[in-house]
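Here is what each chain is made of, one letter per residue.
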Amino acid sequence: MNRQRTSSTPGSKDLERSQRVPRARETPPPPGIGGSGLARYVVAAALARTADGGAVVAVVLLVTSSGGSGTLAGILGACITAPHLLGPFVARPLDLAQDGRKVLAAACLLYATALTAGVLTYGHAPAIVTGFLLAAAGTCGPLLTGGISSRLPAIVGPRLRTQRRAQGWDVATYGIGGTVGPSLVAALSAWVSPTAAALALAVGTLAAAGAVLLLPFAEPTHGGDRTAILKPGATLALIARTGRLRRTVYLTMVVALSVAALPITAVHMTRILGIEPATAAVLTAAYGLGNLTGSMAVMVLPLTGAPDRLMRRLALGVVAGLLTVTASPAFAISVAAYTLTGILNSFFFASTLAARTEYAPSTARTQVFIWVAALKITSGSAGTALAGSLTGVTVRLPLVVGLLAVSAAVTAATVETRFAKAHEKRA
């Protein structure tokens, strides 16, 4: 295992030195930690993220299938997704808790209850009531995603190789949530109804609550001193002044903005490739399959090296994938290019999880996880909107803008790292 190298910015050197990760130890993990704990984690995370990934599709189908307008469907769908931006403000109780499992289980229960109530009130109560209930469910979403991820280091133990392999499993649960969730909703909506599909997601979230409670207990990070837990604003300031965390944020955001163009571009590229519009689903499915394949690869061959360097290199890999998609002259090549981009993006995502785990201070780790997740979701939404507008100019323009943006971000991160290292040598 490579020794972690430290790069810092002026004013943050002492902080970053205190965050250096010790070399892997060969001591065995405590009882309940390791393989068994990881298996329970994967079940809990997959159930929670399947619900979170499928809920917006269920809500949109519920509205449109009953004759509601597309505007109303979009607004109610946004009630599920927009509250993810509140994630940093709902994360602090998880850092403060004596037993984080109870906070996560409560979030799962509230999500299931609010989603059920929101779906059942639709058409029987004013839309604002349904929207409020769905927003309550959406507020719990960050705890079902980044909140659960923040528990992983304590579950798998301190060995870096074990943590990196576990992060591959974590990436896989996000992939499962993003693919199985919408697919399950689509199937149940066709066979039964969108309401039944949404209720099935709620049941899955209830099961996730039980699975979370079965996770191994992890000691609270505050060590009994709750005043050591930073507030959301202070955590964001910490990220801004800590070089490695700052680079994690802007690389994550720019890559999210860029790959968000892929589903939009897939629909419009069917005209250029001379295929049926419905075939665009094959391209998006290939991208999802690539994500899952990449996460499995990380499980077998965990990433090695400093996350700061890995993120830059793997972001360039995403650039190569986007360039391949842009230059694809035929449908078969496009499918391969989408799959390749999915694999590379999965690797990049795993490197950002490693960065959050290894660079965030223990007293703010949950909030760092969720801040990055919230900003990533915001950037992805902006990328989708940008792609929708740019395809009106030319189909491949969103991809070109995306790969140029990622290249610029990698260049900025590289320059920043070199300046930080030079400053550290002079100090």
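Reading the values: the criteria
Residues numbered from 1 in each chain as written. Predicted model: local features only at pLDDT ≥ 70, side-chain atom pairs only at ≥ 80, totals over all residues. Heavy atoms only, no water. Helix = DSSP H or I, 4+ residues; strand = E, 2+ residues; numbered from the N terminus. Buried < 20%, exposed > 50% of the residue type's maximum accessible area, 1.4 Å probe, protein only. Salt bridge = Lys/Arg side-chain N within 4 Å of Asp/Glu carboxyl O. Expected span 1.5 Å × (residues − 1). Disulfide = S-S within 2.5 Å. Contact = heavy atoms within 4.5 Å. Axes fitted to C-alpha atoms, helices over the stretch in contact; angles between N-to-C directions. Parallel < 35°, antiparallel > 145°, perpendicular 65-115°, else oblique. Left-handed = near helix turned anticlockwise from the far one by under 90°. Nonpolar A, V, L, I, M, F, W, Y, C, P; charged D, E, K, R; others polar. pLDDT = per-residue confidence, 0-100. Phe/Tyr/Trp six-rings, centres within 6.5 Å; stacked < 30°, edge-to-face > 60°. Lys NZ or Arg CZ within 6 Å of the ring centre and 35° of its normal.

**Student:** Please give an account of the environment of Phe217 that cites residues and values.
**Tutor:** Structurally, Phe217 can be placed in the loop between helix H9 (194–213) and helix H10 (232–241). Phe217 gets classed as partly exposed once you look at its relative accessible area, which sits at 39%. Taking the C-alpha atoms as reference, Phe217 lies 8.3 Å from Gly100; in sequence the two are 117 residues apart.

**Student:** Outline the pattern of salt bridges, supporting the account with residue identities and numerical values.
**Tutor:** Enumeration according to the criterion identifies seven salt bridges in this entry. Residues Asp99 and Arg101 are paired through a salt bridge, measuring 2.9 Å at the closest nitrogen-oxygen approach. With relative accessibility at 14%, the residue Asp99 sits in the buried group. Note that Glu358 and Arg164 form a salt bridge whose closest N and O atoms lie 3.0 Å from each other. Of this pair, Glu358 sits in helix H15 (residues 331–359) while Arg164 sits in helix H8 (residues 160–191), and the two are 194 residues apart along the sequence.

**Student:** Kindly report on helix H5 (residues 100–121), identifying the contributing residues and their values.
**Tutor:** Across its 22 residues, H5 extends 32 Å between first and last C-alpha, which sits within 8% of the 32 Å expected from 1.5 Å per residue. Taken together, the buried positions of H5 are Gly100, Leu104, Ala105, Ala107, Cys108, Tyr111, Ala112, Ala114, Leu115, Gly118, Val119 and Thr121. After H5 finishes, the residue Gly123 shows a positive phi value of roughly 85°.

**Student:** Any details on the state of the cysteines? Residues and values, ideally.
**Tutor:** Scanning all chains against the criterion turns up zero disulfides. Here Cys108 stays unpaired: no disulfide links it, and the sulfur of Cys140, its closest cysteine neighbor, is 8.4 Å away.

**Student:** Tell me about the environment of Phe347, residues and numbers included.
**Tutor:** With respect to the helices, strands and loops of the structure, Phe347 is situated in helix H15. Each residue touching Phe347, except ones within four places of it in the same chain, is listed here: Gly294, Ala297, Val298, Leu303 and Leu314.

**Student:** Quick rundown of the environment of Ala374? Include the residues and the values.
**Tutor:** Relative to the assigned elements, Ala374 resides in helix H16 (residues 365–390). Among all residues touching Ala374, those that are not within four sequence positions of it are His84, Leu85 and Pro88.

**Student:** Residue-level account of the packing of H5 against H9, with values.
**Tutor:** At a closest axis distance of 8 Å, the pairing of H5 and H9 adopts a crossing angle of 170°. Taken together, H5 and H9 sit at an angle that is classed as roughly antiparallel. Regarding H5 and H9, the two cross each other, and that crossing is left-handed. Here Arg101, Lys102, Leu104, Ala105, Cys108, Leu109, Tyr111, Ala112, Leu115, Thr116, Val119 and Leu120 of H5 come into contact with H9, specifically with Thr195, Ala198, Leu199, Leu201, Ala202, Thr205, Leu206, Ala208, Ala209, Val212 and Leu213. Looking at side-chain class alone, the contact of H5 with H9 contains 18 nonpolar, three polar and two charged residues.

**Student:** Give me the packing of H8 against helix H13 (residues 280–300): which residues, what numbers.
**Tutor:** Remark: H8 packs on H13, axes separated minimally by 7 Å, with the N-to-C direction vectors making an angle of 160°. One element, H8, and the other, H13, form an angle in the roughly antiparallel class. Considering the relative orientation of H8 and H13, their crossing is left-handed. Only Gly288, Leu292, Ser295, Val298, Met299 and Val300 of H13 make contact with H8, whose side of the interface consists of Arg161, Arg164, Arg165, Gly168, Trp169, Val171, Ala172, Gly175, Ile176 and Thr179.

**Student:** Can you tell me about the confidence of the model for the chain, naming the residues and giving the values?
**Tutor:** Mean pLDDT for the chain: 84, with 89% of residues reaching 70 or above. Under a pLDDT of 50 for its full length, residues 1–34 has, in the predicted model, 70 contacts with residues more than four places off or in other chains.

**Student:** Let's hear about the side chain of Thr173: which residues, and what values?
**Tutor:** Relative to the assigned elements, Thr173 resides in helix H8. Under the relative-accessibility criterion, Thr173 is labelled buried at 0%. When residues no more than four places from it in sequence are discounted, the contact partners of Thr173 are Val42, Ala45, Ala46 and Arg49.

**Student:** Tell me about the side chain of His84, and name the residues and values.
**Tutor:** Looking at where His84 falls in the secondary structure, it is placed in the loop between helix H3 (70–81) and helix H4 (87–96). Apart from residues lying up to four places away in sequence, His84 is in contact with Asp52, Gly138, Gly141, Pro142, Ala374 and Ile377.

**Student:** Run through the packing of aromatic side chains, naming residues and quoting values.
**Tutor:** By convention here, two paired aromatic rings are described through the distance between centres and the angle between planes. According to the stated counting rule, one finds two aromatic pairs in the structure shown. Between Tyr174 and Phe349, the aromatic rings sit 5.1 Å apart at their centres with planes inclined by 75°, giving edge-to-face as the arrangement. Pair noted here: Tyr174 is in helix H8 and Phe349 is in helix H15, with a separation of 175 residues, a long-range link. Tyr174 sits in the partly exposed class, given a relative accessible area of 22%. For Phe349, a relative accessible area of 11% translates into the label buried. Between the NZ or CZ atom of Arg49 and the centre of the ring of Tyr174, over which it lies, the distance is 3.9 Å.

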